[in-house]
Every structure is written in structure tokens, then in C-alpha cells.
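One-letter residues, chain by chain:
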Amino acid sequence: MGPSRGLVSGITLLKDLPASERQRVEQICRWRRYGADEQIIDRQADSSDPCFVVEGRVRVVNYSASGREITLDEISSGEYFGELAAIDVRPRSASVMALKAALIATLSREQFRALVDGHPKLGFQVMERLASMVRHSTERIMDLSTVAANNRVLAELLREARDNMKGDNEARISPIPVHGDIASRVSTTRETVARVLGDLTRQGLVVRTKDALVIRDVARVVSMVEDVRGE
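Cut-off values and rules
- Residues numbered from 1 in each chain as written.
- Predicted model: local features only at pLDDT ≥ 70, side-chain atom pairs only at ≥ 80, totals over all residues.
- Heavy atoms only, no water.
- Helix = DSSP H or I, 4+ residues; strand = E, 2+ residues; numbered from the N terminus.
- Buried < 20%, exposed > 50% of the residue type's maximum accessible area, 1.4 Å probe, protein only.
- Contact = heavy atoms within 4.5 Å.
- Polar contact = N/O pair within 3.5 Å; in protein donor to acceptor, adjacent residues only side chain to side chain.
- Pairing = 2+ DSSP bridges.
- Axes fitted to C-alpha atoms, helices over the stretch in contact; angles between N-to-C directions.
- Parallel < 35°, antiparallel > 145°, perpendicular 65-115°, else oblique.
- Left-handed = near helix turned anticlockwise from the far one by under 90°.

Trainee: What am I meant to see in the overall build of the protein chain here?
Mentor: In terms of helices and strands, the protein chain carries eight helices and eleven strands. Along the first, second and third principal axes, the C-alpha atoms of the protein chain reach 55 × 40 × 35 Å. Each of the 231 residues in the protein chain was classed as buried or not, and the buried ones make up 43%. At a minimum sequence separation of 6, the contacts of the protein chain that also span at least 24 residues come to 71%.

Trainee: Even after reading the chapter, I still don't get the side chain of R22, so can you show me in this structure?
Mentor: With respect to the secondary-structure elements, R22 resides in helix α1 (residues 19-28). Here L17 takes part through its backbone oxygen, which lies 2.6 Å from a polar atom of the side chain of R22. Ignoring anything within four residues of it in the chain, the contact list for R22 reads V8, S9, L14, K15 and L17.

Trainee: What is the right way to read the sheet that holds strand β11 (residues 213-215) from this model?
Mentor: Either a parallel or an antiparallel arrangement is found when strands of a sheet pair, and the pairing is made through backbone hydrogen bonds. Here three strands make up an open sheet; going across it, the order is β9-β11-β10 and the pairing antiparallel. Because the sheet does not close on itself, it has two edges, and the strands there are β9 (171-173) and β10 (206-208). Across the sheet, the mean angle separating the axes of adjacent strands is 20 degrees when strand polarity is ignored. Pairing analysis gives three bridges linking β9 to β11, with the strands arranged antiparallel.

Trainee: Help me understand the packing of helix α5 (residues 149-162) against helix α7 (residues 190-202), please; the structure alone is not making it clear to me.
Mentor: Viewed as axis vectors pointing N to C, α5 and α7 meet at an angle of 65 degrees, and their least axial separation amounts to 9 Å. When the interaxial angle is binned, α5 and α7 end up roughly perpendicular. Crossing of α5 against α7: the hand is right-handed. Listed contacts from α7 to A149, N150, V153, L154 and L157 of α5 are T192, V193, V196, L197 and L200.

Trainee: When you look at the packing of helix α3 (residues 109-118) against helix α4 (residues 120-146) in this model, what are you seeing that I'm missing?
Mentor: How two helices sit against one another is set out by the angle between their axes and by the gap between those axes. For the pair α3 and α4, the least separation of the axes is 5 Å and the interaxial angle reads 115 degrees. Judged by the inter-axis angle, α3 sits roughly perpendicular to α4. Of α4, the residues touching α3 (which contributes F112, L115, V116, D117 and G118) are P120, L122, G123 and V126.

Trainee: Can you help me understand the environment of I173 in this one?
Mentor: Relative to the elements of secondary structure, I173 occurs in strand β9. Judged by its relative accessible area of 3%, I173 is buried. Expressed as a C-alpha distance, the spacing of I173 and V53, which sit 120 residues apart in the sequence, is 22 Å. With residues up to four places along the chain from it excluded, the contact list for I173 reads L157, E160, A161, N164, D211, A212, L213 and I215.

Everything listed here is a matter of geometry and, on its own, says nothing about what the molecule does.
Okay, here's the thing in C-alpha cells:
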């Protein structure tokens, strides 16, 4: 499909490019729509082109030896993925699937590298993203190595709460997180997630409304997570 002019202006990585350069990127990208749960990239695939999420939301996943899905990241519209293979030209390190209908713009590896070469600021933004990925991975490794499953669930809820604050000490997470999704992100079971949420509900820290999970005392959850991590 051909793009409508201005679609890539919402991509954070490209927003500082001159309008004419963004228009050129739109013209040289390959465009495709994906349905919910449709695979976009397969792990170990030889492709090395980065992708921009123009519309929708995607999930980066890997699988354990037993076949259990492990969520590595979720990427919203305006962000991108696939830069690792574009940099080192090695097989894809994870699979990517659409969480809901998504519009993806794919730039060839060669065109991506030329864009970075011509715009050093863009290259530095890519490095900042890679640094963030390393830090997140380090935190995840530490949690998996030292923190019990129920406390990892608590830490994940806190992460989502901080992204959805409503006031100084309350968070409203909408849509309501799916137990299986939380379990996948912290490498545990749905049953563990349900048990933790049940405990928080009985304590009055969490309330489930029709369309949201409300965390009524974020400061208390922060304290609980810090106690577990020894911070």
C-alpha cells in the first residue's frame, strides 16, 4: 500500500528530520497492515530491516524450551523495532506480533544506515534506545535471579502504575491487564498473577472497575517493592 503523506511524522525517531526527508522516507518504506495476533517478524529470520509502528501496538516475544511465551517488550505507535539486526546483520533475536491491528513501515537496512550516516543526531537517539534496552535487561535479569515470582508481579504492576498515574498517588491502568500478559512479562504463571492481585484487592490497594485496574496507593506499592529488592 502507499502511505498517506505525513504518517511517519509521528515516529519519534524521525520527528526532527526535515519535512522533505520524512516525505522521502515515507516513499521508500514498504508498508503493510497486520491483524491482531498476526506475526510480523519470526525469531531467527534472516531479515535485517528495521520497522516503524505507525499505528497499533506490537509485542516482542521469545519462547522457552517448553514453549512458554515470554514477553520482552511491547511497542506502541510512534516507536520502532528491528534495529539490532540492522546493526549487526545477525538473525532476529526475537519474534514480533501485532497485539491489535497495526500499520508497519519497513525501511531497508541499507537505507536505514544511510539515514543514520546523514543525520548523526538520529544515530545518537538509536544509541540511547539501545542503552535503555541494556538497562532494562539488567534489571530483568536481577529480578529473575533474586526476586520471587509473586514479587516480580508486584514490580510489574508498579511499572504499569507509573505509566498511568492519575494524581500524586493513584494509578488507573486501562484496559485492565490480562493475567496471561503479566505472567509472560515476568516469567511466571497466571495463577501467581491472580493470587497477587487477589491479595492486593483484599488489602484495599487495588480496585477493579468496569474498564480499569485502579491502584489506590502507589506509594505503598513502591514501598513493598523496595522492601523486597532491599532498596
